[in-house]
Amino acid sequence: METMEAIAARRSVRSFEATPVPRETVERIVDAGRLAPTGVNVQPWHFVAVTAGETRRALAGLATRGGFIADAPLCVAVFCAETNYWLEDGCAATANIILAATAHGLGSCWVAGEKKPYARDVARLLGAPAGLRLVALVAIGRAKGAAAPVPKKPLSEVLHWERF
């Protein structure tokens, strides 16, 4: 799938088939996160691929709007070390992960991280070392049905040349 096709095709998916994601596919998707741009090439990220049902159910119970994580065959937790640009770097990695999932024919949904009260509980559950902060939880799997496109503002409404 071409890059622009993946960007246009990406949808937030919250209903998944139980089919496991092959390990090689998980590695390719997470590798896309590893290849994201990063401030001063610090690469502060660490990724936890969660496939165990019990752990996914625990994550779903912690994430206030992420109950569907329990049904996704894969959840990737994105953590970053506390650096000057940890949040920007982690968000770039997360965006790469969801686009790579789309390119592999999988659905995904980005669930909020550090700003949520459950962030520290997720870090404890997954055994994250001190100094790492949760950027996102990403539910990934084969979508049950097709996700409907959501309306997007037209380019003419959001693009400004030189000044507002």
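The notes below deal with the structure included here.

About the thresholds
In every chain, residue numbers begin from 1 and rise along the written sequence. Given that this is a predicted model, residues contribute local features only at a pLDDT of at least 70 and side-chain atom pairs are listed and counted only at 80 or more, while totals for whole chains, interfaces and linings are drawn from all residues. To obtain the side-chain values, all non-hydrogen atoms of the structure were included, while hydrogens and water were left out. In this analysis, strands are considered paired if DSSP registers two or more bridges between them. Helix and strand labels come from DSSP, where a helix needs a run of H or I of at least four residues and a strand needs a run of E of at least two; each type is numbered from the N terminus. Between N-to-C directions, angles span 0 to 180 degrees; the directions come from axes that are lines fitted to C-alpha atoms, helices contributing only their stretch in contact. Whether two residues are in contact is decided by their heavy atoms: any pair within 4.5 Å suffices. Each residue is placed in one exposure class: buried if its accessible area under a 1.4 Å probe, protein chains only, is under 20% of its type's maximum, exposed if it is over 50%, and partly exposed if it falls in between. Throughout, the arc means the angular range of directions from the helix axis out to the C-beta atoms. Note on definitions: salt bridges are taken to be side-chain nitrogens of Lys or Arg within 4 Å of carboxyl oxygens of Asp or Glu. Here a patch means residues that are over 30% exposed by relative accessible area and free of salt bridges, tied together within 9 Å if like-charged and within 5 Å if nonpolar (Val, Leu, Ile, Met, Phe, Trp, Tyr). For the accessible areas, the method is Shrake-Rupley and the probe is 1.4 Å, while residue cover comes only from the protein chains on display.

What follows is about the sheet that holds strand β2 (residues 74–81). Strand order in the open sheet formed by four strands is β1-β2-β4-β3, with antiparallel pairing between adjacent strands. The two strands at the open ends of the sheet, each matched to only one other strand, are β1 (45–50) and β3 (107–112). The mean angle between the axes of side-by-side strands here comes to 20°, regardless of whether they run parallel or antiparallel. As defined by bridge partners, β3 adjoins strand β4 (residues 132–141) across six bridges and the pair is classed as antiparallel. Counterpart to W110 in the pairing with β4 is V138. The strands that helix α2 (residues 23–34) touches are β1, β2 and β4; relative to β1, the one it contacts most, it runs at about 160°.

Regarding helix α3 (residues 53–62), the residues found buried are R56, L59 and A60. When α3 is viewed along its axis, its buried side chains cluster within an angular range of 100° and face the same direction. Away from its buried face by more than 90 degrees, α3 exposes E54, R57 and G61. Looking at the buried residues of α3, the elements they touch are β1, β2, α5 (119–125) and β4.

Attention now goes to the pattern of salt bridges. In the structure shown here, the tally under the stated rule is six salt bridges. In this structure, the salt-bridge partner of E27 is R23, at a minimum N-O distance of 3.3 Å. Of this pair, E27 and R23 both sit in helix α2, four residues apart, roughly one helical turn. When its relative accessible area of 66% is taken as the criterion, R23 is described as exposed. The partner of E114 in a salt bridge is R133, with the nearest N and O atoms 3.2 Å apart. Here E114, found in the loop between β3 and α5, pairs with R133, found in strand β4; they are 19 residues apart in sequence, far enough to count as distant. It is possible to trace a salt-bridge network through shared partners that takes in E82, E114, R120 and R133.

Let us now look at the environment of E82. Structurally, E82 can be placed in the loop between β2 and α4 (86–103). Not counting residues up to four positions away in its chain, the partners in contact with E82 are G131 and R133.

A cluster of nonpolar residues, L155, V158, L159 and W161, forms a patch on the protein surface that exposes about 460 Å² of accessible area. Here W161 shows up in the segment after α6 (155–158). Taking the relative accessible area as the measure of exposure, W161 reaches 66% and is therefore exposed.

For β4, a buried count of nine out of ten residues is recorded, marking the element as mostly surrounded by other parts of the structure. In terms of strand pairing, β2 meets β4 through eight bridges, oriented antiparallel. Within β4, the residue paired with V78 across the bridge is A136.

Attention now goes to the side chain of D89. Within the secondary structure layout, D89 lies in helix α4. In this structure, D89 is in contact with P37, T38, G39, P44 and W45, ignoring residues within four places of it in sequence.

We note that N41 has phi near 55°; this positive angle belongs to a residue other than glycine. Unusually for a residue other than glycine, Q43 sits at a positive phi of about 50°.

With that settled, the discussion passes to the environment of A70. Tracing the backbone through its elements, the reader meets A70 in the loop between α3 and β2. Sequence separation of A70 and A60 is ten residues, and the distance between their C-alpha atoms is 5.4 Å. Sequence-distant contacts of A70, defined by excluding residues within four places in its chain, comprise R56, R57 and A60.

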